[in-house]
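Structural characterization, general
As a plain string of letters, each chain reads:
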Amino acid sequence: MSTAENRPDLRALAAQAAATLSRRAPGFRPRIGIVLGSGLGGLAERFTDAVTVPYALVPGFAATSVQGHAGQVVLGTLDGVPAVALRGRAHMYEGHPAWASAFPVRALHALGIRALFLSNAAGTVNPSYAPGELMAIRDHLNLTGRNPLVGPVVPGDARFPDMTAVWDPELLAVLREAAEESEVRLHEGVYAGLLGPSFETPSEIRMLERLGADAVGMSTVAEAITARALGVPCFGVSCLTNYGAGIGATPLDHAEVMEVTERVADRFQALVLAAVRRADRRLTDGLGD
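Now for a description of the structure that goes with this document. (Residues numbered from 1 in each chain as written. Predicted model: local features only at pLDDT ≥ 70, side-chain atom pairs only at ≥ 80, totals over all residues. Heavy atoms only, no water.)

**Notes on the pattern of salt bridges**
A side chain with one charge may pair with a side chain of the opposite charge, provided their charged atoms come close. Here the structure, examined in full by the defined rule, presents 13 salt bridges. A salt bridge links Arg277 to Asp79, with the shortest nitrogen-to-oxygen separation between them at 2.2 Å. Of this pair, Arg277 sits in helix α8 (residues 265-284) while Asp79 is found in the loop between β3 (72-78) and β4 (81-87), placing the two residues 198 residues apart along the sequence. Judged by its relative accessible area of 25%, Arg277 falls in the partly exposed class. Look at Asp79 and you get partly exposed, because its relative accessible area is 42%. Each of Asp79, Glu170, Glu177, Glu181, Arg277, Arg278 and Arg282 takes part in a single network of salt bridges with overlapping partners. (Salt bridge = Lys/Arg side-chain N within 4 Å of Asp/Glu carboxyl O. Helix = DSSP H or I, 4+ residues; strand = E, 2+ residues; numbered from the N terminus. Buried < 20%, exposed > 50% of the residue type's maximum accessible area, 1.4 Å probe, protein only.)

Structural data, given as structure tokens:
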């Protein structure tokens, strides 16, 4: 199942995945979906009445193999809000096609989420943004060379989704309010998604800066595209873990990524908790209807 031509029936598979999760948490209907990137999975420990399901037990979910990606679905209540979190993701650079990497978003949609929060660890392209800081994603550049919608249109998807506001402006405003509430410094910027797994060269970082990118990583864009095709509003945050090549003097290493995400975990979690509460209120008032 590595090409669009032999991919499974994604709508039916998403329904199977949602049914599997629903059997583990009968009657539970999450309103917010959360994808937790490298080193950010600790937020899942803030859930109450939680049910945890390994990816291996969920139809269509690919295994994760990267440090900091536990490979678990967590269903429960996050600060009073019914939510579902994905602890880690399967990246395209691990050998997964784009549609498979983004498939869990389809499962969360089938579960009934009304908004999707995406997070990642990212390198800093904007030299005025420092490692250890957080950035709300205002827009993205898909430079992976892959698109999860390639192939016959999935029933229920938009064939040609408008990407003008894939990162929902109202939910971006929620993040701003949450940052003020939680007293967390929050930048805003453009996330560039590359295929990886190699880090970027100094020349590539200079190219990305000229293209308007503020941060760079190896995930997230396929999930955002899939959510847009399904009509699910997105918002998200990058945890800036290192300077891009040529900006800082330190050699790039995944261990540094993990160390920085651990150091900023409290700030990240405070921001997300405040944002989820505020987003849920917006949803209740009609956002996403």
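**Focus: the packing of helix α1 (residues 10-24) against helix α3 (residues 103-111)**
Running from N to C, α1 and α3 point in directions that differ by 65°, and their axes come no closer than 8 Å. Crossing of α1 against α3: the hand is right-handed. For the pair α1 and α3, the contacting residues are Leu10, Leu13, Ala14, Ala15, Ala17, Ala18, Leu21 and Ser22 in the first and Phe103, Arg106, Ala107, Ala110 and Leu111 in the second. When the residues that make up the contact of α1 with α3 are grouped by side-chain class, the tally is 11 nonpolar, 1 polar and 1 charged. (Axes fitted to C-alpha atoms, helices over the stretch in contact; angles between N-to-C directions. Left-handed = near helix turned anticlockwise from the far one by under 90°. Contact = heavy atoms within 4.5 Å. Nonpolar A, V, L, I, M, F, W, Y, C, P; charged D, E, K, R; others polar.)

**Some thoughts on the packing of aromatic side chains**
Going through the model one piece at a time under the given rule, you end up with 3 aromatic pairs. Ring centres of Tyr55 and Phe61 lie 5.2 Å apart, and the angle between their planes is 65°; on these two criteria the pair is classed as edge-to-face. We note that Tyr55, like Phe61, is buried. Both rings, one in Phe61 and one in Phe103, keep their centres 6.0 Å apart while their planes meet at 90°; by these two values the pair is edge-to-face. Here the residue Phe61 occupies a position in the loop between β2 (48-54) and β3, and Phe103 occupies one in helix α3, the gap between them amounting to 42 residues. In this pair, the class of Phe61 matches that of Phe103, namely buried. Taken together, Tyr55, Phe61 and Phe103 form an aromatic cluster joined through their ring pairs. (Phe/Tyr/Trp six-rings, centres within 6.5 Å; stacked < 30°, edge-to-face > 60°.)

**Some details on the layout of surface pockets**
As a volume, the largest pocket reaches approximately 320 Å³. Contributing to the lining of the largest pocket are 22 residues, with Ser38, Ala121, Phe199, Met218 and His254 lying nearest its centre. Those elements that place two or more of their residues in the lining of the largest pocket are β5 (115-124), β8 (215-217), β9 (234-243) and α7 (254-263). The element best represented in the lining of the largest pocket is β5, accounting for 4 residues. (1 Å grid on protein atoms, 1.4 Å probe; cavity = no way out; pocket = protein on both sides within 12 Å on 5 of 7 lines; lining within 4 Å. Points joined across faces, edges and corners; volume = space filled by probe spheres on them.)

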